[in-house]
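Summary of structural features
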Amino acid sequence: MGQSLARRRSISQQPEVVVDTAVSAKADGATPPLQLPRDPPKPDDMSTDNQSPLPSPLPLEQDSDFALISKFVREAVIEETEDTDSPAHNTIDSEQLLQLLTAANRVLEKYPTNEQAVVLACQALPLYRDSLPEYPPEEVKVLQKNAFAISSRLDVSHSLSLVKSILGLTITLWGHYPRELPASCDMEQLANVVNKVLDPTVHGDRQVAIRIGRDFVTYFVRVLSNEQLGKLQEKGVYDKLKSLISFYEEIAPETLLQIVAGVGMFAEVKPLSQSFIEEDIHLSLLFAAQKYYLHLPLQQVIWKLLSLHSQRDPLFAKQLLSADILSVVVHVMKQEGYHLTPLLRFLTVSCHVAPNPFVQQCFEKEELIQVLLETIRAESSSKLEDIANACDFLAFLCSKCGTTSLDRVFELKLVSKLEDCARKWPDACVLPCCIAIEGIVNLFPPDQGALPKFLNLGGSNLSLMKRKEEFCEEKHHLFVKEMLSTPTVYVNGTLVDLMYLTFQKLLRSCTQDALVAMCDREFLEFFVIAFIRDTITFPGQVNRIAFTSHYFVFQLKRKEAVEVLKELNFHTAVVELVSSSESHDVAASAMALLGCLVGKYYDHLKDVKCFAESSTPKVLIEKAKMFGKSQRSHLGDDFSRILLNLTADKEVSKKLYSDGYLEDLLELVKDDYAPVIRRSAIHAVGNIALGGQSVKQLLLERKLYETLLHIVRDKLETADPYLLSACCRVLHILASGDWAKRKYVDCGCIEILLRLIKVRKDNPEVCWRPLGLLSSISFMAVVNRRYILTREIIDAVAGILKESTNGKVISYTTLVFLASGELDEGSTRLRELSIGETLAKAMENPEYKKQSPDLVRWGTHVIEKQNLYTISLPSHVSIPGPSSPAHDWPPLPDPGIAMEVSPQSPAKAPRWKLLPLEDAYLKPHFPVALELTGTAKEQLAKLGLNPNEPLFRIGRVYGSTYGLCSNCDKEGTSEELVIRSQGMTPLQYQTLIDRGWYRRGGVKMFRLKCNHNVRCCDWETRVSVKDFDHRSHKSYKKVLRRMPTERLTVETKLAHFNREAYDLYNEYHIEKHDKPRKSEYSYCEHIVNSPMVPQTVDGIEYGTYHQLYRLDGKLVAIGTIDVVPKGIISIYMWYTLAPEVAKFSFGVYSTLKEIEFVCELSKRNPNMQYYYLQGWNGNNKKLAYKANYSPEDFYCPCIVQDWVGSLEKVDQAREEYISRKRDKEREKAAVAGSSSQAEAGPSADSQANTGQSEQSTSATATAGDGSRTAGSSTDDVDGGGRSEERRKAVPEQSDKSADNSSKSEDEKPAESAVACEAFPHDLERYRGLTGESEVDVGRLVVCLNYHEYMRLGEVFERFGIGDEQRKQMEQRYTELVVALGPELASQLVIDLKACSSLAASSSEPMQV
């Protein structure tokens, strides 16, 4: 600042100031007078009550007010400096001020057109501005209004003195009393006046323009809004003010500071950078910065203005930097005592938008680099700001250096010097140091050798690799480790925040090897200690600490590091942090850290129990209730990740259930919470429900399904699709039993699902879930299934199949077809709709198979069922007789029952209704033989069958393949033949049992066809009762002695529905075997129904019986048995699990009593000599007990041709079979040559059979017949959950014939598995008995539509059956014939359904 030239003088000595307007006016009178109204209207807020009426205007020289103002002006003193005239501190008392204000107002009102009067009145008050009070009196307001009224009417043609004086008054009042511009102020007119004053070329007085520009910025511009500044800018005020900068040599630094600051205010509204370049304003600023290098405030505003234009206009930055700015910068920086901070900030901002060559120029400017290096080596804390900014700029240069300047970075050892500076000044320089490290590391190729995509390095790859090795050898990552691991006395939270931010930057720049080297046990221990200390000591920095810790944990890839964190109880500290967080942002960051940590424990350690033990679920639920109701909550995703990872562990799920968290999760399902919170809670409830049927039953009894169905129904068009998907998934999990499915149907679930599928059909993620649930409901009791899978439902699902392009959606439509294929009417409808052809095309699509691996399995089984039961007739062929629905399966319980279909909407009443739960409907069903008419008898006689003898009539036949072996739990083919006969006699049933067929309950019969491992095959077992002696086993004698026979009664009755037995059945299944609750109809289909029609022969009543064991009159156990001509077959057994009853071992006791029952019957019929225990397998602990009732016979159709007499013979037969198979494989390999020896497999027959069986599916039958219900499984669980336990294809038995799902881990074969199959043995035996070399399936008798009997070959020829269907029928019927044996094959009649292929063209998908 130059030395002041101030001197005091009296205005009276300079009268020209007062009469300046007269002197400067044009002599020719060209200056027009002020065109102001004589009596301007007064503003509304101007009060004139206390003012006397204005007298008539006198000549100006005689006016007392004008004279008073002149007196005040003459007495004022001003201070003159080198750049401007500014009033000294003139003061008057309040009374004199009031006189001055009143006189000024009167003069302006009396002489508004007299320029001399207006100038004097406006000049007076600024001279006494220091005397103005804090709050403006009324006279000030009036004066301000008058000044605005006059200034708004000024024109550029008026004299400079007039304009200057009015603007001076306006600026003075505005600066002292800032308020909104009066409505009367015309901004356009004001801009025109200001432009005149600020333009020296108009009036020729440069100092006046400078002074007015300064005051205009100081008192006027600073308080304008952006909108008002924009208006002035549009009128050119900005350009006039900016042009004053070019006179920087004539302007004092303080005045230049105000002008540049004003230009900056306009530039912030709208920078016009191009005019800066055109007028060389940027050069004037650079020269001004160079001239006034010691004036720090001016330096700041100059570099800030340049930075602003550079940041917003890259072109400006480019032109600015091309003006050899580095020379100016270096010159300024080298001045002694210069503060580098403003300039370095400008350089940093400019480099961000400047082209890369400028960064290279900075490296090449040796003087610049040396100044920067000298700065960071400074020891004085007074230069800390410069040091920090120098580090920032150097770090920025390093991060932007590119490959061209990388050598220069290594030559100067910039990173090492930055590290040294950071060690001295950690609070200011640690972060820039890490930015430099990160920028350098980003240039290096990754470990895999691939270069970043943005680099086009050409042949420099080897050079970069060399530089990378050199950089790693310097171990720069140890610098940050040193800064973090050294105990530091933290002064404030800012340093803590900076340290963790630095740590985060380092993590982003470290290679994986460097990270591994850094994260040793010592560092992890300090990290945990520092985390606990800092989260407690510095609550304000918890968000940063949690975020950085989250990133650190995320980067840990080694199991050892995660184990160390667990040993140090890091999870406990994180849970406590989440618990103590009170703000949403902190809770979100802490929750994200916790979610990452849970994921690491789950992925690397497979153990999340420690979180359940550290009250994590409680904390999660508390935070969800606290912050989860906000729709913008950020907790949702992490809440979901944590909750689902925890509940994915079965033991943790059980603990959550036992600790009562299920109630809290159900609370989060309500509408109050954000969708992500709701769906996460729903998924978690589903995962907990997977822990056991008791949990599912509790949720069903609490009617959770109604809540979920209401969510789907009310929000199926608007809700988050993942919320709908979650609801359907949990509904699917709960629908694992027929009892639950019935509840769903009663609530209108089918209607809701169909609406959801229709509305969201374009979203496969939403569409396949309800389809999966619909398929699960479809596999309910067969007798009720016919009321669910109606023609409308099948047509609707067929429409979905034909429109869908997603494999998962198609696979679940296939499950619905699989369920409907069990129904005779449903199977016919599938043939009419050509579902088989559509599925065959879908199964060829590799994308569909990739999306759903089960598609081929399920689709193949649908096609097989369709091909073996229905045929499609050409349009010109008439259907042979009408189909009789009365004989369709499943049968109606009463021909008089008519199910009502409600016309109401689904929201009011379900459209589909089921059979009522009344005992009148729950009657045992035995498939009876079709009554033969005279015509039918004639047709049978012509075909060589005796119509007067019992026919062996089969309604359905198919195969089933299970994905998992029931004994080793490994993937492998395990196929069975399945038949459903009609009118089976006891003798026919006995023949099937002798041939290795068995029953699991229900009306179907099964026979093992093949298995992937000969050691996993089940053997049918029978006990020879005449040679059995229970006294040979001490345990049996103990059971008999312990049983209180005096309190026990045993009652044997024909199978029937018993409510007490039904309740005990469900209790036993849920508690002992974790099976779902069955409905009454499903119970009947499993326990009551039988394929054998009751018959009395020679005084023995053959049929299915229930043996009811009552202890003190209370039903405690029930056994289901079949009485057949050669003995008794044990079907199922269940009992109460109460400790006082379980101690009597009713499983063993019932076996002994049933053997005793056979002995009693043998007295009346000597042929009654066997007790059949059915399936035995030594590899299955639950079945191994069946070998303890010797003497026994065993039979496996895949290994032997007839029953063998002991376990030793079983082992011998098994080993002989394995030996034969391997000999054949070796012979085949020898023939094929050494090149194919490694690929030698099973025999040709075995390979053919295995290939066929792999095309089959495990999703068969219903829950009522004991087959695996594939539709009830729950796959693809979201968010870290797990699939529902897959059902095994085994009977539901008691401890004596229990579920085959438990395997012996100790007895698994160590050698490679050898597959086995029954067909070769059956065919060889069949040939020996009949003398026929091949089976002629064309001679089999079939019945079309229960009306016309003919040979199968005639069907092929007459109706033009396709090659694929014909081949499949021939293969499966051949297997059936040899499996039945000649005796039953000679009586065999197979029912077929014929339908027109044109039916599909007339069907329309159901409209929901």
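Anything mentioned here points back to the structure above.
Residues numbered from 1 in each chain as written. Predicted model: local features only at pLDDT ≥ 70, side-chain atom pairs only at ≥ 80, totals over all residues. Heavy atoms only, no water.

**Considering the packing of aromatic side chains**
Each aromatic ring pair is described using two quantities: the centre-to-centre distance and the angle formed by the ring planes. For clarity, the cut-off: Ring geometry is summarised as follows: Phe, Tyr and Trp rings, the Trp one being its six-membered ring, pair when their centres sit within 6.5 Å, and such pairs are stacked at plane angles under 30 degrees, edge-to-face over 60 and tilted between the two. Only protein chains enter the area calculation, which uses a 1.4 Å probe; residues under 20% of their type maximum are buried, those over 50% are exposed, and those in between are partly exposed. Two thresholds decide whether a charge sits over a ring: the Lys NZ or Arg CZ must be within 6 Å of the ring centre and within 35 degrees of the ring normal.
If you walk through the whole model with that rule in mind, you get 28 aromatic pairs. Note on Tyr1170 and Tyr1172: the rings are 6.0 Å apart at their centroids and 55° apart in plane angle, and the pair reads as tilted. Accessibility expressed as a relative area gives 13% for Tyr1170, which makes it buried. Clustering of aromatic rings is evident, with ring pairs tying together Phe1057, Tyr1062, Tyr1065, Tyr1083, Tyr1132 and Trp1134. The ring of Phe554 carries the charged tip of Lys557 above its face, separated from the ring centre by 5.0 Å. Positioned above the aromatic ring of Tyr869, the side-chain terminus of Arg956 is 4.2 Å from the ring centre.

**So, the pairing of strand S18 (residues 1348-1351)**
Residues in a regular strand point their side chains to alternate faces of the sheet. Worth spelling out the cut-off: Helix and strand definitions follow DSSP, with helices as H or I runs of at least four residues and strands as E runs of at least two, each counted in order from the N terminus. DSSP calls a pair of strands paired once it identifies at least 2 bridges connecting them.
Neither face of S18 is open: one carries Glu1348 and Met1350, the other Tyr1349 and Arg1351, and all of them are buried. Alignment of strand S17 (residues 1341-1344) against S18, held across four bridges, turns out to be antiparallel. Considered in S18, the bridge of Leu1344 is made with Glu1348. Hairpin geometry of S17 and S18 is characterised by an intervening segment of three residues between the two adjacent antiparallel strands and by a positive phi of about 55° at Asn1345.

**Quick notes on helix H33 (residues 584-605)**
The condition is simple: In a helix, the anticipated span is given by 1.5 Å times the number of residues less one.
A rise of 1.5 Å per residue sets the reference length of H33, with its 22 residues, at 32 Å; its end C-alpha atoms lie 30 Å apart and thus fit the reference within 8%. In terms of residue burial, H33 counts as a mostly covered element, since 18 of its 22 residues are buried. Just downstream of H33, Lys606 is the residue with a positive phi angle, here 55°.

**Focus: the pattern of salt bridges**
How we decide: A carboxyl oxygen of Asp or Glu within 4 Å of a side-chain nitrogen of Lys or Arg is what we treat as a salt bridge.
Across all of its chains, the model carries 49 salt bridges by this definition. Here Asp1211 and Arg1214 are joined by a salt bridge, their closest N and O atoms 3.6 Å apart. Of this pair, Asp1211 and Arg1214 are both found in helix H60 (residues 1207-1232), three residues apart, which corresponds to roughly one turn of the helix. Taking the shortest distance from any N to any O, the salt bridge between Arg1366 and Glu1370 comes out at 3.3 Å.

**Here's the deal with helix H44 (residues 749-759)**
Think of an α-helix as 3.6 residues a turn; residues three or four steps apart then line up on the same face. The condition that has to hold: Whether two residues are in contact is decided by their heavy atoms, any of which lying within 4.5 Å being enough.
Taken across its eleven residues, H44 has eight buried, putting it largely inside the fold. Taken together, the buried positions of H44 are Cys749, Ile750, Glu751, Ile752, Leu753, Leu754, Leu756 and Ile757. Buried residues along H44 sit against helix H41 (704-715), helix H42 (721-734), helix H43 (738-746), helix H45 (764-778), helix H46 (782-788) and helix H47 (791-803).

**Some words on the packing of helix H32 (residues 570-580) against helix H35 (residues 616-627)**
In plain terms, the rule: Axis lines are fitted to C-alpha atoms, over the contacting stretch for helices. Their N-to-C directions set the angle, which ranges from 0 to 180 degrees. Roughly parallel means an angle under 35 degrees; roughly antiparallel, over 145; roughly perpendicular, 65 to 115; everything else is oblique. By convention the crossing between two helices is left-handed if the near helix lies anticlockwise of the far one by an angle smaller than a right angle, and right-handed if it lies clockwise. The classification used treats Ala, Val, Leu, Ile, Met, Phe, Trp, Tyr, Cys and Pro as nonpolar, Asp, Glu, Lys and Arg as charged, and all other residues, Gly among them, as polar.
The interhelical angle for the contact between H32 and H35, taken along N-to-C directions, is 25°, at an axis separation of 9 Å. It follows that H32 is roughly parallel to H35 by the angle criterion. Two packed elements cross with a definite hand, and for H32 against H35 that hand is left-handed. Judged by residue contacts, Val575, Val578 and Ser579 of H32 engage Thr616, Val619 and Lys623 from H35. Taken together, the residues of the contact of H32 with H35 break down into three nonpolar, two polar and one charged.

Interpretation in functional terms is not warranted from these geometric data alone.
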